[in-house]
Amino acid sequence: MQRIFIILVAVVVSLFAALPCSAQFNTGFINTAPPGANTMDQNNTNNEDDEVVVTSRKPAFTVKRYFKSLAHKDSMKVNQMAIGSMVLPGTAQIYNRQYWKLPVVYGAIGGCVGGAIANKGKDSQKYFIAGAVACYWGSVLDGVISYKSKEKPLPARASMLSALVPGLGQAYNGDYWKIPIFYTGLGACFYALGFNQQQYDRYRDMYIAYNDGEYKGNLTVDNIKWYRDQHRRMRDYSIIATILVYALNIIDANVFAHFSTFDISDDITFNVEPSMITPVAPLGSTFASNSMRQPFGFQMNLNF
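Below, the structure is looked at part by part. (Residues numbered from 1 in each chain as written. Predicted model: local features only at pLDDT ≥ 70, side-chain atom pairs only at ≥ 80, totals over all residues. Heavy atoms only, no water.)

1. Examining a nonpolar patch on the surface
The following threshold applies: By definition, no residue in a patch forms a salt bridge, and every one has over 30% relative accessible area; like charges are joined within 9 Å, nonpolar side chains (Val, Leu, Ile, Met, Phe, Trp, Tyr) within 5 Å. Computed with the Shrake-Rupley method and a 1.4 Å probe, the accessible areas treat only the protein chains shown as cover for residues. Salt bridges are identified by distance alone: a Lys or Arg side-chain nitrogen within 4 Å of an Asp or Glu carboxyl oxygen. Strands are runs of DSSP state E lasting at least 2 residues, helices are runs of H or I lasting at least 4, and numbering of each runs from the N terminus. Only protein chains enter the accessibility calculation, which uses a 1.4 Å probe; a residue is then buried when its area is under 20% of its type maximum, exposed when over 50%, and partly exposed in between.
A surface patch of nonpolar side chains, amounting to about 570 Å² of accessible area, comprises Val63, Phe67, Ile83, Met86, Val87 and Leu88. When residues of the nonpolar patch are traced back to their parent elements, those giving at least two are helix H3 (63-70) and helix H4 (78-87). Sorting elements by how many residues they give to the nonpolar patch places H4 first, with 3 residues. Looking at the secondary structure, you find Val87 in helix H4. Its relative accessible area of 63% is what places Val87 among the exposed residues.

This is the structure in structure tokens:
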């Protein structure tokens, strides 16, 4: 229950992250400034130029920046490096400056691909294809693991690890107890998927045999059709459930990597103290230049 409360508080805080952490309340004081106090003096307005605030934005990540990062003249995020490594295997090792791994990656992938071509049409071909896929997948996983970052845990790395190997992001976050839960969910989904696919194929073949006049069972054609459609529907639900559990595994790794930097202690304080209120008249105006009393109020601080 305490964990759920902490998660709800963190979500609310993240929604209001753009707001200031303190608020000021003026109690007992009403703005009694004379008309025109909030406008600048005409002479000051004519003599001063308007200020234009220009915010600099980092250019979007492009293919040019990607290759510039491979030359170590720029930087990129772990997800950008991983996606680039999926397109060009071995580039993650180049970005991580682990050049000695390149012959291993290309040699393993090339050897498996060559073996699959040499054994075309044989039963052993599928093993070489599986080996090539495993080496390709391993090169991407190695790049994500070897990515250097000062932030630990890195939410993007946790997401990529869970996407490549379900549960690996939870292990990276230290949430080892979640791994059996996700694998149990995935196992149940795969079992339901396999079972319903098998039953769907069975009743589909029975329906075809009935139409061809070769069926010798006791079920009617309507019963066979109902069972076929029912197992096909459950098979589709099993696919959706598998995708949801897999996606939840990625989301969980990302969210709790963010929460790892949250202060989840019981030290939650709420302070109310007197404070001086900033004058409403702009600086430089005639009204602000006159001597006036500094208004007082209360300041509320919420620390968590």
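Now that the structure has been shown, we can carry on.
2. A few points about helix H8 (residues 155-164)
For the record, the criterion: We call two residues in contact when some of their heavy atoms are within 4.5 Å.
With respect to burial, H8 is a largely interior element, 8 of its 10 residues being buried. What H8 keeps buried is the set Pro155, Arg157, Ala158, Ser159, Met160, Leu161, Ser162 and Leu164. Buried residues along H8 sit in contact with H4, helix H7 (125-146), helix H9 (168-173) and helix H11 (221-259).

3. A few points about H4
Here is the rule: This arc corresponds to the set of directions leading from the helix axis out to the C-beta atoms.
Those residues of H4 lying buried are Val78, Met81, Ala82, Gly84 and Ser85. The buried side chains of H4 occupy one side of the element, clustering within an arc of 165° when seen end-on. Facing away from the buried surface of H4 by more than 90 degrees, the exposed residues are Ile83 and Val87. Those residues of H4 hidden inside the fold are in contact with H3, helix H5 (91-95), H7 and H8.

4. Some thoughts on the environment of Ser162
So the rule is basically this: Polar contact is defined as a pair of N or O atoms within 3.5 Å, subject to the rule that within protein one atom must be able to donate a hydrogen and the other to accept it, and that residues adjacent in sequence are counted only when both atoms are side-chain atoms.
Note on placement: Ser162 falls in helix H8. Look at Ser162 and you get buried, because its relative accessible area is 0%. Residue contacts for Ser162: discarding those within four places in its chain leaves Gly167, Leu168, Gly169, Gln170, Tyr246, Asn249, Ile250 and Ala253. Within the local environment of Ser162, its side chain forms a polar contact with the side chain of Gln170, the two groups lying 3.3 Å apart.

5. Quick notes on the packing of aromatic side chains
Each aromatic ring pair is described using two quantities: the centre-to-centre distance and the angle formed by the ring planes. Selection criterion: Think of it this way: a Phe, Tyr or Trp ring, Trp meaning its six-membered ring, pairs with another when their centres are within 6.5 Å, and the plane angle makes it stacked under 30 degrees, edge-to-face over 60, tilted otherwise. To sit over a ring, a charge needs its Lys NZ or Arg CZ within 6 Å of the ring centre and within 35 degrees of the ring normal.
All told, the structure shown has 7 aromatic pairs when counted by the stated rule. Their ring planes at 45° and their centres at 5.9 Å tell us that Tyr210 and Tyr215 sit as a pair that is tilted. A ring pair is formed by Trp226 and Tyr227, whose centres lie 5.1 Å apart and whose planes are at 80°; its orientation type is edge-to-face. Grouped by ring-pair contacts, the aromatic residues Tyr203, Trp226 and Tyr227 constitute a single cluster. Note that Lys178 overlies the ring of Phe256, its terminal NZ or CZ placed 3.2 Å from the centroid. When the ring centre of Tyr200 is taken as reference, the NZ or CZ atom of Arg235 above it lies at 5.0 Å.

6. Re the side chain of Gln93
Inspection of the secondary structure assignment puts Gln93 in helix H5. What Gln93 contacts, discounting residues up to four positions off in sequence, is Gln98, Tyr99, Lys101, Leu102, Val105, Ser139, Asp142 and Gly143.

7. Comments concerning the pattern of salt bridges
Counting across every chain of the model gives 9 salt bridges. Measuring nitrogen to oxygen at the nearest pair gives 3.0 Å for the salt bridge that ties Asp252 to Lys178. Of this pair, Asp252 sits in helix H11 while Lys178 sits in the loop between H9 and helix H10 (179-211); the two residues are 74 residues apart in sequence, bridging distant segments of the chain. Each member of the pair Asp252 and Lys178 is classed as buried. One salt bridge connects Asp236 with Arg235, and the closest N-O pair in it is separated by 3.1 Å.

8. Quick look at the side chain of Asn249
With respect to the helices and strands, the residue Asn249 is situated in helix H11. Sequence-distant contacts of Asn249, defined by excluding residues within four places in its chain, comprise Ser162, Pro166, Gly167, Gln170 and Phe182.

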